[in-house]
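Here are the chains, one letter per residue:
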Amino acid sequence: MDLSFDLWGNALVSGVLLGGFYAAVTIGVSISFGMLDIVNIAHPAFIILGSYTAYIANSVFGIDPILASVVLTPAFYLLGVAIYTIYDLSFERRGDAAIRGLAFFFGLLFITEVTLSLTFGVDYRMVEAPYIGPSLHWGVIELPLRLLIPCLVSLLLIALLQAFMSHTFVGRAVQAVAQDPFALRLMGANPSRIKRIAFGLSIASASVAGAILIIIQPVEPSIARDYIGRIFAICVMGGLGSFAGTVSAAMALGIVESFTATFYGPSWSPAIAFGFLLLTLAIRPAGLFGRR
């Protein structure tokens, strides 16, 4: 009975902490796909780019990876603004955003991956920090700091984004721009400018998510592909554009994966997780919280 409690308790805690990580890597897609209707399948590649920038700051300058990612968020924001400007001029204004826009992000995904491979090779890279390795113990429950710290940083990031979306004019405009751009113009806001800001925020979040990823596990350029399915699954399951739904879906997926890996083996985790996604959507087609 003690062994069973140990397994169940630690599997639950690990699942919650893993869910915090999933929430961080998904929140950018919740903005771009959920609020702007932009299917940015290259988002995981920008997360890996964030991992490598954190790696450089940590290995060359000895800076904490999370601190480095926060310092670099303005650079990632400007990158997102530049990417959306190209996307807007080339596709949205011409009405070609559906297929050609998707191809555009496919191209960005592979260009980023190839560039990172040519620059850093295909060897796994990792960072060093005081919280990588130690754990807190609460009875028989173990709290690895390499999961706990990223989970707390993820929740703080999402809370700040939620506050921005809820309490600023620009934030409320971002939530409205995909639904009725004409009404937004009547309120004196330029939809293209609002989308540019929102997409910049989406890519800026990838800087922090990338640092969280490389803290949790070593990374190499092609690892971005492993997260494309999970990211969009969480975004859809939580309800497009809902931050609360994203966190809830990420936690649920993390717990399901953790229990599956603990009791049945890691190889079953993806199948069980996506089976859980299909079951959730069969019961609630609009996701846990519906579309905002």
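Our subject is the structure listed above.
Q: Please set out helix H4 (residues 73-90) residue by residue, giving values where relevant.
A: Three or four residues apart is the spacing at which side chains of an α-helix point the same way, because the helix has 3.6 residues per turn. Taking 1.5 Å as the rise per residue, H4 with 18 residues should run 26 Å; its terminal C-alpha atoms sit 26 Å apart, in good agreement. Within the span of H4, buried status applies to Phe 76, Gly 80, Val 81, Ile 83, Tyr 84, Tyr 87 and Asp 88. Against the buried residues of H4 lie helix H2 (43-61), helix H5 (100-120) and helix H9 (191-216).

Q: Talk me through the environment of Phe 106; I want residue IDs and the actual numbers.
A: Inspection of the secondary structure assignment puts Phe 106 in helix H5. For the pair Phe 106 and Asn 40, spaced 66 residues apart in sequence, the C-alpha to C-alpha distance is 8.4 Å.

Q: Got a sec to walk through the nonpolar core? Specific residues and values, please.
A: The biggest cluster of nonpolar side chains holds 85 residues, and the ones touching the most others in it are Phe 21, Tyr 22, Phe 105, Phe 199 and Phe 243. Contact partners of Phe 105, with chain neighbours within four places excluded, come to Ile 38, Val 39, Asn 40, Ile 41, Ala 42, Ile 83, Tyr 87 and Phe 199.

Q: Account for the layout of surface pockets, naming residues and giving values.
A: To locate leftover empty space, one rolls a probe as large as a water molecule over the atoms. Estimates place the volume of the largest pocket at around 450 Å³. Lining the largest pocket are 19 residues; nearest its centre among them are Leu 18, Tyr 22, Gln 217, Glu 257 and Ala 261. Within the residue set of the lining of the largest pocket, elements represented by two or more residues are helix H1 (2-32), helix H6 (145-167), helix H10 (225-238), helix H11 (243-263) and helix H12 (269-283). Residue composition of the lining of the largest pocket, by class: 10 nonpolar, five polar and four charged.

Conventions we followed
Residues numbered from 1 in each chain as written. Predicted model: local features only at pLDDT ≥ 70, side-chain atom pairs only at ≥ 80, totals over all residues. Heavy atoms only, no water. Helix = DSSP H or I, 4+ residues; strand = E, 2+ residues; numbered from the N terminus. Expected span 1.5 Å × (residues − 1). Buried < 20%, exposed > 50% of the residue type's maximum accessible area, 1.4 Å probe, protein only. Contact = heavy atoms within 4.5 Å. Core = buried A, V, L, I, M, F, W, Y, C linked by side-chain atoms within 4.5 Å. 1 Å grid on protein atoms, 1.4 Å probe; cavity = no way out; pocket = protein on both sides within 12 Å on 5 of 7 lines; lining within 4 Å. Points joined across faces, edges and corners; volume = space filled by probe spheres on them. Nonpolar A, V, L, I, M, F, W, Y, C, P; charged D, E, K, R; others polar.

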